[in-house]
Amino acid sequence: MTATPTLVEVEEAAPSSAPPTSGKRVLTRITRDKGALACLVFLAIVVLMAVAAPLITKLSGWGPYQFDSAAINSDLGGVPHGALGGISGSHWFGVEPQNGRDLFARIVYGARVSITISLSATVLTGVLGVVLGMLAGFYRGWVDQVISRLMDFLMAFPALIFMIAILSSLPSGNRPVLLVVVISAFGWPYLARVIRGQTMTLANREFVEAARASGAKDSQVVFREILPNLRGSIVVMTTLAIPGYIGTEAGLSFLGVGVSPPTASWGQMISSSVSWYSVDPMFFAIPGLFLFLTVLSLTVLGDKIRTLIDQGEAA
């Protein structure tokens with residue numbers, strides 16, 4: 001489990017000199033691939049669950065924080081009534097042992113937490129990585145030295161260990177925001193390193209020299225001439241980063257330093273299920289399956305998009 005792709009993966013993900021791809025052509029190619037299409041459909045369902053969580057739980061009849069004492073057997077330590085963890089018409093995915101909270105509602109709200117944190121961390125990482133990487137590659141000199149040394153400093157840390165240490169020392173507060181900030185702080189150097197190298201190459205191209213000769217300011221050259229040519233790298237890098245951030249959030253919540261109870265989180269649910277493996281395996285299997293399929297789907301789609309961009313499938 002890592003917060004970001006390794007540097008090797010990042011460099012491999014960067015496109016070559018192939019022409020840029022359009023979103024419409026990439027989507028068309030993806031829909032023709034049955035595996036990628038299945039991943040896209042599953043991710044659409046997860047996103048829909050996250051966006052419409054309050055409405056969906058109203059339809060199911062149970063909220064993520066409601067207790068159903070009638071669904072558990074207090075004489076057996078809170079084991080759910082019925083087979084497969086208490087799955088029934090009332091509780092579609094069963095209930096949590098001991099407290100009787102509806103698993104379906106917890107899964108739906110857990111999707112909201114995972115998607116929100118991973119997308120927010122991706123956006124923040126992307127902004128920091130792209131801006132700082134372009135500044136280092138364009139200006140070079142002392143600007144490059146300062147930013148590059150900061151990148152080296154952050155990349156030298158074992159990210160997961162320091163995330164655990166930092167989050168353990170911080171007050172609970174708004175945990176999702178803290179997770180986004182900490183994950184992004186260790187994630188942006190990987191993107192910035194690639195953007196820096198490509199900016200150095202682009203800064204010597206003819207169209208950049210022509211823009212400078214025409215009197216364009218440095219900011220205009222960077223954001224109007226260089227940034228559009230980095231689009232493919234940015235798309236690939238962010239697509240590959242999202243599944244890593246989802247796994248990181250789940251792992252930190254599993255270890256008890258992520259999202260705090262009673263907020264629903266897939267990682268937290270998996271952590272709570274550890275002592276119930278032999279009695280109620282569905283309590284572990286359902287959130288574990290959703291987490292696995294979400295990360296797998298994002299990884300497959302990211303790899304497909306990377307291939308399409310590398311091959312220059314669209315103009």
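Taking an unreviewed UniProt entry as the reference, the chain is identified by name as ABC transporter permease belonging to Kribbella speibonae. In its Sequence similarities (unreviewed entry) section, the UniProt record describing the chain reads: "Belongs to the binding-protein-dependent transport system permease family." In the Subcellular location (unreviewed entry) part of its UniProt record, the chain is described as follows: "Cell membrane".

Participant: Tell me what's going on with the overall build of the chain, and back it up with residues and numbers.
Facilitator: On a plain count of helices and strands, the chain comes out with 13 helices and 2 strands. For the chain, the spread of C-alpha atoms along the three principal axes comes to 80 × 45 × 30 Å. Out of the 315 residues in the chain, the part that is buried amounts to 48%. Across the chain, every contact between residues at least 6 apart in sequence was considered, and the portion connecting residues at least 24 apart equals 75%. For the chain, the exposed surface amounts to about 14900 Å²; the carbon and sulfur share of it is 66%. The averaged location of the 19 negative side-chain charges in the chain is 8 Å from the averaged location of its 21 positive side-chain charges.

Participant: Explain helix H5 (residues 103–139) to me, and be specific about the residues and the numbers.
Facilitator: Its 37 residues place the ends of H5 53 Å apart at the C-alpha level, agreeing with the 54 Å of an ideal helix rising 1.5 Å per residue. Of the residues that open H5, the one with a side-chain oxygen 3.3 Å from the backbone nitrogen of Phe104 is Asp102. Looking one or two residues past H5, Arg140 carries a phi angle of roughly 55°, positive in sign.

Participant: Any chance you could break down helix H10 (residues 218–226) for me, citing the residues and the numbers?
Facilitator: For H10, every residue scored as buried is listed here: Val221, Val222 and Ile226. All buried residues of H10 fall inside an arc of 95° around its axis, so they share one side. Against the buried residues of H10 lie H5, helix H8 (175–202) and helix H9 (206–213).

Participant: Lay out the pattern of salt bridges in plain terms, naming residues and giving numbers.
Facilitator: The final tally for this structure, using the stated rule, is 8 salt bridges. Between Arg149 and Asp152 there is a salt bridge, with the nearest N and O atoms lying 2.8 Å from each other. Taken together, the residues Arg149 and Asp152, both in helix H6 (residues 141–156) and 3 residues apart, mark about one turn of the helix. Among the residues examined, Arg149 registers a relative accessible area of 43% and is labelled partly exposed. Residue Asp152 pairs with Arg193 through a salt bridge whose shortest N-O separation is 2.5 Å. Placement of Asp152 in helix H6 and of Arg193 in helix H8 is noted, with a sequence separation of 41 residues between them. By relative accessible area, which is 31% here, Asp152 ends up partly exposed. Take Arg193: its relative accessible area is 23%, and that puts it in the partly exposed class. Here the salt bridges do not stand alone but share partners, grouping Glu96, Arg101 and Arg106 into one network.

Participant: Break down the UniProt feature "domain: ABC transmembrane type-1" (unreviewed entry) in the chain for me, citing the residues and quoting the values.
Facilitator: Mapped onto this structure's residue numbering, the UniProt feature "domain: ABC transmembrane type-1" (unreviewed entry) falls at residues 111–302. Annotated as residues 111–302, this span is 80% helix and 0% strand, and its ends, taken at the C-alpha atoms, are 19 Å apart.

Participant: Before we move on, could you go through the nonpolar core and cite the residues and values that matter?
Facilitator: Counting residues in each nonpolar core, the largest one holds 39 residues, and the members touching the most others are Ile30, Met49, Ile107, Trp266 and Phe290. Broken down by secondary-structure element, the contributors of at least two residues to this core are helix H2 (23–31), helix H3 (34–51), helix H4 (53–60), H5, helix H11 (231–254), helix H12 (266–272) and helix H13 (281–311). Broken down by element, the residue count for this core peaks at 9 residues, all from H13. Among the nonpolar cores identified, the runner-up in size contains 16 residues, and Ala121, Ala159, Ala241 and Tyr245 belong to it.

Participant: Outline the confidence of the model for the chain, supporting the account with residue identities and numerical values.
Facilitator: Across the chain, pLDDT averages 84, with 91% of residues at or above 70. Ignoring residues within four places in sequence, the model shows residues 2–21, a span with pLDDT below 50, making 55 contacts including any to other chains.

Participant: I'd like to hear about a nonpolar patch on the surface, residue by residue, with values.
Facilitator: A contiguous nonpolar surface patch, about 430 Å² in accessible area, is contributed by Phe254, Leu255, Val274, Tyr277 and Phe284. Here Tyr277 lies in the loop between H12 and H13. We classify Tyr277 as partly exposed; its relative accessible area is 38%.

Participant: Explain the environment of Ile72 to me, using residue names and the numbers behind them.
Facilitator: Note that Ile72 resides in strand S1 (residues 72–73). Once the C-alpha coordinates of Ile72 and Met269 are considered, the two residues, 197 residues apart in sequence, prove to be 17 Å apart. Setting aside its immediate chain neighbours within four residues, Ile72 contacts Gly78, Val79, Pro80, His81, Val95, Glu96, Gln98, Asn99 and Gly100.

About the criteria used
Residues numbered from 1 in each chain as written. Predicted model: local features only at pLDDT ≥ 70, side-chain atom pairs only at ≥ 80, totals over all residues. Heavy atoms only, no water. UniProt positions renumbered as here; feature names shortened; annotations may be inferred. Helix = DSSP H or I, 4+ residues; strand = E, 2+ residues; numbered from the N terminus. Buried < 20%, exposed > 50% of the residue type's maximum accessible area, 1.4 Å probe, protein only. Contact = heavy atoms within 4.5 Å. Areas by Shrake-Rupley, 256 points an atom, 1.4 Å probe, with all protein chains shown as cover. Lys, Arg positive; Asp, Glu negative; His and termini not counted. Charge placed at Lys NZ, Arg CZ, Asp CG, Glu CD. Expected span 1.5 Å × (residues − 1). Polar contact = N/O pair within 3.5 Å; in protein donor to acceptor, adjacent residues only side chain to side chain. Arc of directions from axis to C-beta. Salt bridge = Lys/Arg side-chain N within 4 Å of Asp/Glu carboxyl O. Core = buried A, V, L, I, M, F, W, Y, C linked by side-chain atoms within 4.5 Å. pLDDT = per-residue confidence, 0-100. Patch = residues over 30% accessible without salt bridge, like charges linked within 9 Å, V, L, I, M, F, W, Y side chains within 5 Å.

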